[in-house]
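Descriptive structure summary
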Amino acid sequence: MSSPAPAVYGGDEISAIVLDPGSQWTRAGFAGEDSPKAVVPTDYIVHDPPFIGDDYIHVPRSGAEVANPMADGFVSDWDGAVKIWDYAVTKKLGVSFSDHPLLMTEPAWTSTADRKKAVEIAFEELQVPAFYLARSSVCACFAAGKATALVLDVGHKQMSATPVYDGLILKKSSFHNGLGGDFLSKQIAAKLAAQDITVTPYCLVSRKAVQLDPFQAADSAVVKSAADLGLTESFLNLEKERVIHEFKESVCQVMEVPYNEGGAETRPPRPFEFPDGYNINVTTDRFTTSEALFNPKGYSAIDVPKDTVGAAKMVYDSIMSCDVDARANLAYNIVITGGTSLVQGFTERVQQELFGLLPGLKVRIYAAGNSSERKYGGWIGGSVLSSLGTFHQMWISKKEYEEAGSSIVEKRCK
Amino acid sequence: MAPIHDKDVLIIFPGSEVTHVQYGLPESFTPPSVTIPSVIYKHPDGAENHFSAVEGTPVSPIVAGKIVDLPAFCYLLRVIIKTFVPIGASPAVLLASSIHWTPLQIERITQFVFQTCHVPYFTIELSSLLTTCAYNCQTSLVIEVGKEKTDITPIIDWVPGSSMAVTVEAGGDTVTQSIIDASSSDISGPLSWDQATALKKSGIYEVFNKDSDSYSRFFGEADTTNKESDAGEFDVAKIVVDGKAQEFVASHEKTKAEDGEEGQNSESDLPNHERDTNFLEYDGMKIEVGSLRFQGTEDLVNKIVDGVGIAVSHIDSIPARQDCWSNICLVGRTLTIPGLKESIMAALHARYNIVRSSTMSEIPTNINTPGNQTPTGSGSGAATPIPGSGASGTPAPEGYHDIGHGQVPTYMRLAKISEHFPEWKNYKIEDTPFLGAQIAAKVIFGAAPTASDSLYVTRYSYNISGPRTIWDVYG
C-alpha cells in the first residue's frame, strides 16, 4: 500500500515515459514515479519474433543465440533495441508510445549521427508525440538533487566520469573506459578458470551435491550436458553470468587501501557455493578481482587498453581537466552511481584515493545508500527532470521535428 | 464525512475462472460468502458491448490474469455491485487486481465504478499484496499459481515489486495437459480434458516424489488437509541435512509396508499412495488409474522453481532476499493437489538452499575486524545457523538479517497464516488471498476518510481529479 506521491506542479500530469537503455538492463517507467516499473534485460534471444524479458530468455532452447543491441553505451542494433523498448513499454508498462512523450537517456559520448538516429526512431517508428534526449550523467546529478557535480557512473560495460555544471555536461572533460560490471565478471571468470573451477549454470544442474567440504569435487551432482541440449556458447555465457553476478554481490569486495596481500590475508575468507553444490572459500581473490577496477594495469586478468585508468584516477583526471575555478565545486560534489558501484567498499575506496590525489580540495562523495537508487540513478533523474513544470518547453514536439528535421536534437538537447 | 461501516464494505476478488464476492465484513472473518463464475454473456441482440448476465454467448473478461474484454469486465462489476448492494446503501468497494492489468484499464475501471455504478468509496489493490496480508508478512514472496500462468511477486515492506515480478507460463492447465499426455501409457487409457481435470481434483491424484521430502511438515506450517496420520513425527530437516533422504524414505516405506502386512489384508484399505491402482469416479463410471495419478506436476514445478530464482535475483537488497525466502506464500487452487506444495518447496530447497559443511568463516566474531563478517548494530549476537549442526530446522529469529553470509538463502519456509482467525483454522489454500483482502479492507476503509494517507478514493476526490486520482492510492 503505497502512500500518495507528494503533489508536484504540472509536469507529471502529462505522464511522460522515461526510458533508460543500459547495456545490461533497460529501464522504463512513468515520469514522477520513484522507480522504473519495467526493468527488462537488454539481452534477447534471436528468434522470429525474438524472445525478450526475464520470463523468456532463460529458458534453455536448442540452438538459441543471445544478442545484445548495445555497444559502447548506446544503441548499435536499432531493430533489436526498438523491440526491447516496445516490450518494456507495451507489454510491461501496458501503454503505447504514441500516447506519451518520451524522455530517453544517453551517455555523454554519443555521436551526432546516433543522436539524430534516436530522434528519427522516436518520431518515425515509435510515433511519440514529443521527445527529449537527456544525458544520463545529468539525470544522475538530478537524482542526487544537484545541478553541479562530478558524476562517476559505473555501469555494466563502461565506467564514466562526467562533470556536470548547472545541468550541462562538460564534454571535453568527460572520460569513459571499459571498466564496468562485465569487466569485473571477466576478472572473476578468469580467476575461477585459473583454479580449474567450472561454472555450471542452474539450467544444467538436475541435482546438486549437498554437504560438500570446500573444494571437494561435486561428483555426486547430476549435471546435464550442454551439448546434448544443443545450448549455444552465448546462452551458456548468459546463464553463467547469473552465477558470477551472485559471486559479485556476495563475495567481492574492494579494499579500502590499495591491495596488499598481507592485509588481504588477515581478512576472513568468504564461502561461495556454485549451483552444482561445489563450494569454495574465497580468500584474497575477493579483493584482487575488484582491485582491477582501481588498478587495471596491475590486477586485470584480461587485456585492457594501455591508457585505461582506475575509478579514482578517472575522477581525478576529469576534475583536473576542468577549469580551475570549477574544480573545488566538482570535488565537493562527487556523485557515484551505477550498479557496479555497489561492490562492497567501492565508494570508500574512491574517497580514500581522492583524498590522496586532491590534497588541496575538499572532497565530498554522494552515493545513494539505497541500492535501487544507485542502480537506477539515471532513470530516477530522468523521472525528476521530465516531471518538472519548467521542463515543458524543453520537449521536441512532433511538429518541430517535422519542420526542422532530426538536427533539432543538437540545438535542444545539449 | 461519516466513517465507513464494516457492513458497507464490498470485496470483489476476480480471477479468470471464478470471482469471489463478499458484502459486509463479518465480526470474525470467514471464507468468501459468494463465488460466481467470471463469465457474462453477449446479449442475443448481437449489439457491440451489449451484455447480459443470464443468456447469450459466454464471454470471459479475464484470461490468464489479463483483462481481455474491458467492457465485459465492467459489466461484470456492475452486475456484482447491483446484485449485492441494496439500493440506498453507500458501498466501499475493494477490487483485487493483477499485475497484468494496464494503467489505462485501471483508470477506465475507476471511471466506470464512480460514474456508472455510483460507488462513493473505491480502491484497487494487487492480489499479491492482499495475499501477503493474510500471512502478515511485510516482506514475502507471493507465488500465485493460476490456471494458465503463475505470477511470482516479491513484496518488500508491503510494497509489491511489480518490476521484479516474474510470470511463468504454467499453471493448473499444465498439469491437466501433462496428465493427458501420460494417460495413453497408463492402465486408465487416454483421458479427455474433463476426465483429466476430474482426476486432478479427485484427491487420489497426488504428488509423491520419493527423492524429495514430501509428506513432511518441515517447511513451516502444518498442512492439516494432508497430514499422514500414521507417519508420526520425524525431523526431515535432519534427514535432508544428513543427505540420507532416500534411505530414510526407503526404510520408512518398508516399516509402513510391514505394518500394512500385519494390520491390513485388503489393498483397498491401504492409503492411496501405497496402492498400485485406484479408482476415479467420473460421470457414474469408475476409471482405474495406475501410476498416472502420481505424475504430471514436474513441468509446473520446474518452471515455478526457475521463475522463483529469477524473481528473487531482481531484489536489490540481500537481506530482503532472505526475508522473501523465509516467507514464501504459495496460493492457488492447483495447490490443493496433495503433496504439490511440499514438492515445490522441496524442489526450491534442493536447487537454491545453501547447504555445505564449511562453517568456520561464517561464525561472526566479536573481534573488531573491518571485514563484513563483523556483526554490526542490532544484528550483533545473531549467529548464522550452521548447516549440519542440527540447527537448520530451527526458524531464524524474526527480523534476522544475515550480515555475515553473503549468499542466500540459507533457510527457507512457507509463510504462516495469521493465527487470529479461528474460522480459517481449516482454511483451504485457495481462500487465503481472500482472507488477506478482508484484513486489508478493514485496514483501508477503517481509517478516517480525512486522513491524508488515505488508501481509497472518495467520490469527492474523484470529482476533483478524475480517474487519475486512483494513482494516489494504487501502484
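Thresholds, definitions, all that
- Residues numbered from 1 in each chain as written.
- Chains lettered and ligands numbered in written order.
- Predicted model: local features only at pLDDT ≥ 70, side-chain atom pairs only at ≥ 80, totals over all residues.
- Heavy atoms only, no water.
- pLDDT = per-residue confidence, 0-100.
- Contact = heavy atoms within 4.5 Å.
- Domains from an automatic or database assignment.
- Buried area = accessible area lost by both parts, 1.4 Å probe.
- Salt bridge = Lys/Arg side-chain N within 4 Å of Asp/Glu carboxyl O.
- Polar contact = N/O pair within 3.5 Å; in protein donor to acceptor, adjacent residues only side chain to side chain.
- Nonpolar A, V, L, I, M, F, W, Y, C, P; charged D, E, K, R; others polar.
- Helix = DSSP H or I, 4+ residues; strand = E, 2+ residues; numbered from the N terminus.
- Pairing = 2+ DSSP bridges.
- Phe/Tyr/Trp six-rings, centres within 6.5 Å; stacked < 30°, edge-to-face > 60°.
- Buried < 20%, exposed > 50% of the residue type's maximum accessible area, 1.4 Å probe, protein only.
- Lys NZ or Arg CZ within 6 Å of the ring centre and 35° of its normal.
- Core = buried A, V, L, I, M, F, W, Y, C linked by side-chain atoms within 4.5 Å.

A separate point is the confidence of the model for chain B. Residues and elements named next belong to chain B. Considering every residue of chain B, the mean pLDDT works out to 79; 73% of them sit at 70 or more. This model gives residues 260-265 a pLDDT under 50, and the stretch forms 3 contacts once residues within four places in sequence are excluded. Predicted confidence for residues 359-404 stays below pLDDT 50, and this span has 62 contacts to residues more than four positions away or in other chains. Reported confidences for the modelled complex are a pTM of 0.86 and an ipTM of 0.91.

Residue and element names in this part refer to chain A. In terms of domain boundaries, chain A breaks down into domain 1 (17-136 + 378-412) and domain 2 (181-292). Using C-alpha coordinates to define each centre, domain 1 is positioned 33 Å away from domain 2. Domain 1 puts 13 residues into the contact, and the matching count from domain 2 is 11 residues. Taken together, the two surfaces of domain 1 and domain 2 that pack against each other cover about 910 Å², and 61% of this comes from carbon and sulfur. For domain 1, the biggest contributors to the area lost against domain 2 are His58, Pro60 and Val66; these three give 49% of the whole. Inspection of the region where domain 1 meets domain 2 yields 0 salt bridges. Here domain 1 is connected to domain 2 by 5 residue pairs in polar contact (both at pLDDT 80 or more). Per-class residue counts for the side of domain 1 that touches domain 2 are 6 nonpolar, 4 polar and 3 charged.

Of the residues lining the interface, 45 residues belong to chain A; the matching set on chain B comes to 48 residues. Taken over both partners, the interface formed by chain A and chain B buries close to 4,000 Å², and the fraction arising from carbon and sulfur atoms is 49%. Taken together, the connections running from chain A to chain B amount to 2 salt bridges. Here glutamate 249 of chain A makes a salt bridge to arginine 321 of chain B, at a shortest N to O gap of 2.8 Å. On inspection of chain A and its partner chain B, the count reaches 9 residue pairs in polar contact (both at pLDDT 80 or more). Contributions of two or more residues to the side of chain A that touches chain B are made by strand E2 (25-30), strand E3 (38-41), helix H1 (54-57), helix H2 (78-93), helix H7 (233-250), strand E16 (270-273), strand E17 (279-282) and helix H14 (371-375) of chain A. Grouping the amino acids of the side of chain A that touches chain B by side-chain chemistry returns 19 nonpolar, 11 polar and 15 charged.

Glancing now at the pattern of salt bridges. Residues and elements named next belong to chain A. Considering all chains together, one arrives at 27 salt bridges over all chains under this definition. Between lysine 399 and glutamate 403 there is a salt bridge whose closest N-O contact spans 3.9 Å. Residue lysine 399 and its partner glutamate 403 are both found in helix H16 (residues 398-404); the two are separated by 4 residues, about one turn of the helix. Of the charged contacts, one joins glutamate 400 and arginine 412 as a salt bridge, the two residues approaching to 2.5 Å between their closest N and O atoms. One end of the pair, glutamate 400, is in helix H16; the other, arginine 412, is in helix H17 (residues 408-412), and 12 residues separate them in sequence.

The next thing to look at is the sheet that holds strand E4 (residues 40-42) of chain B. Residues and elements named next belong to chain B. Spatially, the 3 strands line up as an open sheet ordered E5-E4-E6, and their pairing is antiparallel. Edge positions in the sheet fall to strand E5 (51-52) and strand E6 (57-59), since each has one partner strand and no second. As paired strands, E4 and E5 are joined by 2 bridges and run antiparallel to one another. Of the residues in E5, the one forming a bridge with tyrosine 41 is serine 52.

Turning to the packing of aromatic side chains, a few remarks are in order. According to the stated counting rule, one finds 21 aromatic pairs over all chains in the structure shown. For the ring pair tryptophan 325 of chain B and tyrosine 352 of chain B, a centre distance of 5.5 Å and an interplane angle of 45° mean the geometry is tilted. Residue tryptophan 325 of chain B is located in helix H9 (residues 318-326), and its partner tyrosine 352 of chain B is located in helix H10 (residues 340-352); the two are separated by 27 residues in the primary sequence. Using a relative accessible area of 6% as the deciding quantity, one classes tyrosine 352 of chain B as buried. The aromatic ring of phenylalanine 51 of chain A is capped on one face by arginine 61 of chain A, whose charged end is 3.6 Å from the ring centroid.

Here we take up the nonpolar core. Formed by 69 residues in total, the largest nonpolar core has its most connected members in Leu95, Ile109, Phe122 and Phe445 of chain B. Ranked by the residues each element gives to this core, the list is headed by helix H1 (residues 70-84) of chain B, at 9 residues. For isoleucine 109 of chain B, the residues in contact, after removing those within four places along its chain, are Ile67, Leu70, Phe73, Leu77, Leu95, Trp101 and Phe122 of chain B. Counting 54 residues, the second largest nonpolar core, distinct from the first, contains Val40, Tyr44, Cys139 and Trp379 of chain A.

Let us now look at the sheet that holds strand E8 (residues 102-106) of chain A. All names here are of chain A. Here 6 strands make up an open sheet; going across it, the order is E3-E2-E1-E8-E9-E20 and the pairing mixed. With partners counted over all chains shown, the strands left at the sheet margins are E3 and strand E20 (396-397), one partner each. Of the pairings in the sheet, the one linking strand E1 (residues 17-21) to E8 comprises 3 bridges and is parallel in character. Considered in E8, the bridge of isoleucine 17 is made with leucine 102.

Okay, the pairing of strand E9 (residues 130-135) of chain A next. Residues and elements named next belong to chain A. When you tally the buried positions in E9, you get 6 out of 6 residues, the bulk of the element. Side chains of E9 alternate between two faces, with Ala130, Tyr132 and Ala134 and Phe131, Leu133 and Arg135 buried alike. Taken together, the 5 bridges between E8 and E9 define a ladder with parallel strand orientation. Note on E9: the bridge partner recorded for glutamate 106 is arginine 135.

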